[in-house]
Amino acid sequence: MNEVELRQLRCLVAIVDEGSFTDAAVALGVSQAAVSRTLAGLERALGVRLLRRTSREVAPTATGLRVVAQARRVLADVADLVEEAASGHTRLRIGYAWSAVGRHTVAFQRRWAAARPGTDLHLVRVNTASAGLAEGACDLAVVRRPLEDRRFDTAIVGLERRLCALAADDPLARRRSVRLAELTGRTLLVDRRTGTTTPELWPPDARPAVEETHDVDDWLTVIAAGRGIGVTAESTANQYPRPGVVYRPVRDAEPVAVRLAWWRDDPHPALQAVLELLSELYRTG
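In this report, the structure presented in the accompanying data block is examined. Since this is a predicted model, take the numbers as computed values, not measurements.

1. Considering helix α3 (residues 32-46)
In a regular helix each residue adds 1.5 Å, so 15 residues correspond to 21 Å; α3 covers 21 Å between its end C-alpha atoms and thus fits that length. Taken as a whole, α3 has its buried residues at Ala 34, Val 35, Thr 38, Leu 39, Gly 41, Leu 42, Glu 43 and Ala 45. Buried residues belonging to α3 abut α1 (6-18), α2 (21-28) and β1 (51-53). At the exit of α3 stands Gly 47, carrying a positive phi of roughly 75 degrees.

2. Looking at the nonpolar core
With 23 residues, the main nonpolar core has Leu 92, Ile 94, Phe 108, Trp 112, Leu 140, Leu 260 and Val 274 as its most contacted residues. Looking at this core, the elements with two or more residues in it are β3 (91-96), α5 (105-115), β5 (140-143), β12 (256-263) and α8 (271-284). Among the elements that make up this core, the one with the highest residue count is α8 (eight residues). In terms of nonpolar packing, the next biggest core, distinct from the first, is built from 19 residues, Leu 9, Phe 21, Val 35 and Val 67 among them.

3. Remarks on the sheet that holds strand β7 (residues 162-167)
Judged by pairing direction, the sheet is antiparallel, and its three strands sit side by side in the order β10-β7-β11 without closing on themselves. Both edges of this open sheet fall to β10 (230-233) and β11 (245-249), since each of them pairs with a single strand only. The sheet shows a mean angle of 35 degrees between the axes of neighbouring strands, direction not considered. Pairing geometry for β7 and β10, over four bridges, is antiparallel. Paired with Leu 163 across the bridge in β10 is Thr 232.

4. Points about the pattern of salt bridges
Tallied over the entire structure, the rule returns 14 salt bridges. Residue Arg 125 is joined to Asp 215 by a salt bridge in which the shortest nitrogen-to-oxygen separation is 2.9 Å. One end of the pair, Arg 125, is in strand β4 (residues 120-125); the other, Asp 215, is in the loop between β9 (209-212) and α6 (216-224), and 90 residues separate them in sequence. On the basis of relative accessibility, which here comes to 18%, the residue Asp 215 falls in the buried class. A salt bridge links Asp 153 to Arg 264; the shortest N-O distance between them is 2.8 Å. Taken together, the residues Asp 153 in strand β6 (residues 152-160) and Arg 264 in the loop between β12 and α8 connect sequence positions 111 residues apart. Residue Asp 153 is classed as partly exposed on the basis of its relative accessible area of 24%. For Arg 264, a relative accessible area of 41% translates into the label partly exposed.

5. Digging into the sheet that holds β3
Strand order in the open sheet formed by five strands is β4-β3-β5-β12-β6, with mixed pairing between adjacent strands. Looking at the sheet topology across the chains shown, the edges are occupied by β4 and β6. Sheet twist, expressed as the mean angle between neighbouring strand axes with direction ignored, is 25 degrees. Sheet analysis places β5 next to β12, joined by four bridges and oriented antiparallel. Bridge pairing in β12 places Ala 141 opposite Ala 261. Against the sheet, α5 makes contact with β3 and β4, and its axis sits at roughly 155 degrees relative to β4, the strand it touches most.

6. With respect to unusual backbone geometry
Keep in mind that most residues, glycine aside, have a negative phi and that most peptide bonds are trans. Here the phi dihedral of Ala 100 falls at roughly 45 degrees; this positive angle occurs in a residue that is not glycine. Residue Ala 100 is classed as buried on the basis of its relative accessible area of 4%.

7. A short note on a nonpolar patch on the surface
A grouping of Val 4, Leu 46 and Val 48 is seen on the molecular surface, where their side chains present a nonpolar patch of about 190 Å² in accessible area. Of note, Val 4 is situated in the segment before α1.

8. Topic: the environment of Leu 28
Within the secondary structure, Leu 28 is located in helix α2. A relative accessible area of 35% places Leu 28 in the partly exposed class. Sequence spacing of Leu 28 and Asp 153 is 125 residues, and the spatial spacing of their C-alpha atoms is 45 Å.

Parameters at a glance
Residues numbered from 1 in each chain as written. Predicted model: local features only at pLDDT ≥ 70, side-chain atom pairs only at ≥ 80, totals over all residues. Heavy atoms only, no water. Helix = DSSP H or I, 4+ residues; strand = E, 2+ residues; numbered from the N terminus. Expected span 1.5 Å × (residues − 1). Buried < 20%, exposed > 50% of the residue type's maximum accessible area, 1.4 Å probe, protein only. Contact = heavy atoms within 4.5 Å. Core = buried A, V, L, I, M, F, W, Y, C linked by side-chain atoms within 4.5 Å. Pairing = 2+ DSSP bridges. Axes fitted to C-alpha atoms, helices over the stretch in contact; angles between N-to-C directions. Salt bridge = Lys/Arg side-chain N within 4 Å of Asp/Glu carboxyl O. Patch = residues over 30% accessible without salt bridge, like charges linked within 9 Å, V, L, I, M, F, W, Y side chains within 5 Å. Areas by Shrake-Rupley, 256 points an atom, 1.4 Å probe, with all protein chains shown as cover.

Structure follows, in structure tokens:
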């Protein structure tokens, strides 16, 4: 296939919009001869006639109408691409898998907006191991377990307690806290892609049965029905209070490290500011 250039598509759209080669040349800031050559090159590349010219008007052929419509979409997509690439200083997307930064989420959003009004902050929920970073859905990501992908760097910004999520009528729900050994005979709900809890949290001879889940809403629904329990970071309780579910601290479980992750070879310009603000919120909160 012969190459079709963006300047050719812009030329075609300008001719149709302006109604003549002369006016298209003025709009594009080139000569009328250049407009004619550019259009001729596009027609040769496509192997079709796009415009019908008479002494009175220039009008698209039937094929030309379809090409013009597609050209508008291509040019719009390219404009979006350019804006996306250039928006690093004006937009910041932070991905998370389940619970953003828990009880610090609102304070983070408000303090960011006050301190950096020129950079719009968007929190994006993506339930993948990298919280959307590998998928291109975000610029930075909050994760609660180490990332093995060497394309990314991470830094710990804070620690969160581990909590046990139980049905409200579970006998353990009447306790102020629980121990890991008390959960051994239960069914533990885990998300192997993004979850912070695995059976390895227990000794090899005292591990609970495991059932997989794939989303926090499914996780909570099963727990509320009394069909399983969950062990999760404290942020989940802050982000997802649910009727029928109670959260209790697990006294003898290690805390969960909260990490900020970014592309090693292409960190967002706001990375350092985000690291400092999140670290402060976890330290003082």
